[in-house]
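Next come the chains, spelled out residue by residue.
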Amino acid sequence: MKALIYDPYLDTLGGGERYCLTVAECLLKNGWQVDLFWDQKEDIQKATNRFGLEIKKLGLIGKKPEQLSFWSRAKLEKQYDLIFWLSDGSVPFLFAKKNFLHFQVPFTNIRTNNLFKKFLMKAKFKFIDQVVCNSRFTKKFIDQEFGVNSVVLYPPVDVEKFQPGQKENIILAVGRFEETMQAKRQDVLIRAFIEMINQGLKGWKLVLIGGSLQAPEKNQYLKELKQMAEGYPIEFLVNTSFGTLKDYYQRAKIFWHAAGFGVDEEKEPHRVEHFGITTVEAMAAGCVPVVIDKGGLREIVRREAGERWKSIKELIQKTEKFISNIDLWRLHSSLAVRQAKQFSKRNFCQRLLTLNEQ
């Protein structure tokens, strides 16, 4: 069996790239020949190192789709039993025996009233066997936008790599220190923690871990966050190693997440968390999640494993509940570990193979 995988953002090495290359790893381990529609071999090596995937047997076409004519691409794709294609919001013609179109983002405002374009879009979907989304949240918008009935294949998380350690009085948050369209809103978390300290909380610290695309000393948003936190037990770890991140997952008792705070997710779904891999990683390590009640986080954090919040006041109240009751924290910590396992790479692979058989 032969599969072809395409991800237009492969050189960015984000969550979508981990997703698509884990598809490759799964198929390779099940005896498939897998090729990547890409032209830079060094990008594959970088991805292998970054994600720790077993994809040495992954083949490389040596070109990107746009570097081929329509007919040359069609001839190439017809050689494959399966194509797994990550969409950038567009819908391509695909020509394998089975074609999976994957959406990581809840795209909106793509529909058109142009009759020819509407006809062309319908024609493209005739060639697609499965539309695959990374969460029910993404599915809701993709189904509305394209008039399809997509399936959900949750992102794979290496939950086996994360285990509870010796826990300390640490609240942890993980996310980029960037004011992007999907900002992680560390400013909200800092405000909440400062209020808790001012109300008498002692013996706890907030640890913020994340990346910075520019040099940390030039990151204005990061500078503002540090100014907000000055004088309080708040630590910043910028561009740290995976080992350090894993260590803090093991040590932290509570995990916070605020991406999408103040956003109307119905109008701007791309600005909230579409899934939330860091939340799953934290749960696998026994952190009790107290996360914003938006986007894909609703699907990860059910009430028995943690809490979701809508306001800073609610965030504080629900966090203090776990701080003041160690038995309650222990119960939710064990349930969080159990819940995280449903998002394992093994379950991801089994689900992928089942979808291919349908």
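Residues numbered from 1 in each chain as written. Predicted model: local features only at pLDDT ≥ 70, side-chain atom pairs only at ≥ 80, totals over all residues. Heavy atoms only, no water.

## Some thoughts on unusual backbone geometry
- Positive phi, close to 55°, is recorded for Arg185, a residue that is not glycine.
- Structurally, Arg185 can be placed in the loop between strand E8 (170-174) and helix H6 (186-198).
- Even without being glycine, Asn239 reaches a positive phi, approximately 55°.
- With respect to the helices, strands and loops of the structure, Asn239 is situated in the loop between strand E10 (234-238) and helix H8 (242-251).
- Judged by its relative accessible area of 44%, Asn239 is partly exposed. (Helix = DSSP H or I, 4+ residues; strand = E, 2+ residues; numbered from the N terminus. Buried < 20%, exposed > 50% of the residue type's maximum accessible area, 1.4 Å probe, protein only.)

## Looking at the state of the cysteines
- Enumeration over the complete set of coordinates arrives at one disulfide.
- Two residues, Cys26 and Cys349, share a disulfide whose sulfurs are 1.9 Å apart. Handedness of the Cys26-Cys349 disulfide follows from its S-S torsion of about 75°: it is right-handed. Of this pair, Cys26 sits in helix H1 (residues 15-29) while Cys349 sits in helix H13 (residues 345-357), and the two are 323 residues apart along the sequence. (Disulfide = S-S within 2.5 Å.)

## Points about the side chain of Thr279
- One can find Thr279 in helix H9 (residues 277-284).
- On the basis of relative accessibility, which here comes to 0%, the residue Thr279 falls in the buried class.
- Setting aside its immediate chain neighbours within four residues, Thr279 contacts Phe255, His257, Pro289, Val291, Leu297, Ile300 and Val301. (Contact = heavy atoms within 4.5 Å.)

## Structural notes on the sheet that holds strand E7 (residues 151-152)
- Read from one edge to the other, the open sheet built from seven strands follows the order E3-E2-E1-E4-E5-E6-E7, with strand pairing classed as parallel. Among the strands making up the open sheet, the edge pair consists of strand E3 (59-60) and E7.
- Strand direction decides the pairing type here: strand E5 (residues 98-103) and strand E6 (residues 130-133), joined by four bridges, are parallel. Looking at E6, one finds that Phe100 is bridged to Gln130.
- Where H1 meets the sheet, it contacts strand E1 (2-6), strand E2 (33-36), strand E4 (82-86), E5 and E6, and its direction lies at approximately 165° from that of E4.
- Lying on the sheet, H13 is in contact with E4, E5, E6 and E7; it crosses E5 at an angle near 135°. (Pairing = 2+ DSSP bridges. Axes fitted to C-alpha atoms, helices over the stretch in contact; angles between N-to-C directions.)

## Side note on the packing of H6 against helix H11 (residues 312-324)
- Where H6 meets H11, the axes come as close as 10 Å, and the angle between the chain directions of the two elements is 55°. By the criterion of interaxial angle, the relationship of H6 to H11 is oblique. Regarding H6 and H11, the two cross each other, and that crossing is right-handed. For the pair formed by H6 and H11, the contact residues are Val188, Leu189, Arg191, Ala192, Glu195 and Met196 on the first element and Ile312, Leu315, Ile316, Thr319, Glu320 and Ile323 on the second.
- Classifying every residue of the contact of H6 with H11 by side-chain character gives eight nonpolar, one polar and three charged. (Parallel < 35°, antiparallel > 145°, perpendicular 65-115°, else oblique. Left-handed = near helix turned anticlockwise from the far one by under 90°. Nonpolar A, V, L, I, M, F, W, Y, C, P; charged D, E, K, R; others polar.)

## Some points on the environment of Pro92
- By secondary structure assignment, the location of Pro92 is in the loop between E4 and E5.
- Using a relative accessible area of 11% as the deciding quantity, one classes Pro92 as buried.
- A C-alpha to C-alpha distance of 8.7 Å links Pro92 and Met121, two positions 29 residues apart in sequence.
- Not counting the four nearest positions on each side in its chain, Pro92 is found in contact with Trp85, Leu101, Lys124 and Ile128.

## Quick notes on the pattern of salt bridges
- Summed over all chains, the structure comprises 24 salt bridges.
- The partner of Lys345 in a salt bridge is Asp158, and the shortest N-O contact between them spans 3.6 Å. Linking Lys345 in helix H13 with Asp158 in the loop between E7 and E8, this pair joins segments that are 187 residues apart in sequence. Side by side, Lys345 and Asp158 carry an identical accessibility label, which is buried. (Salt bridge = Lys/Arg side-chain N within 4 Å of Asp/Glu carboxyl O.)

## Details of the side chain of Gln130
- Checked against the element boundaries, Gln130 lands in strand E6.
- At 3.3 Å, the side chain of Gln130 and the side chain of Gln358 are in polar contact. (Polar contact = N/O pair within 3.5 Å; in protein donor to acceptor, adjacent residues only side chain to side chain.)

## Details of the nonpolar core
- Core analysis: the largest hydrophobic core is formed by 64 residues, its most contacted members being Leu172, Ile190, Phe193, Ile234, Phe236, Tyr249 and Trp256.
- Setting aside residues no more than four positions away along its own chain, Ile190 makes contact with Leu206, Leu208, Leu225, Met228, Ala229, Ile234 and Phe236.
- Membership of the second largest hydrophobic core comes to 53 residues, among which are Tyr19, Leu36, Ala96 and Leu153. (Core = buried A, V, L, I, M, F, W, Y, C linked by side-chain atoms within 4.5 Å.)

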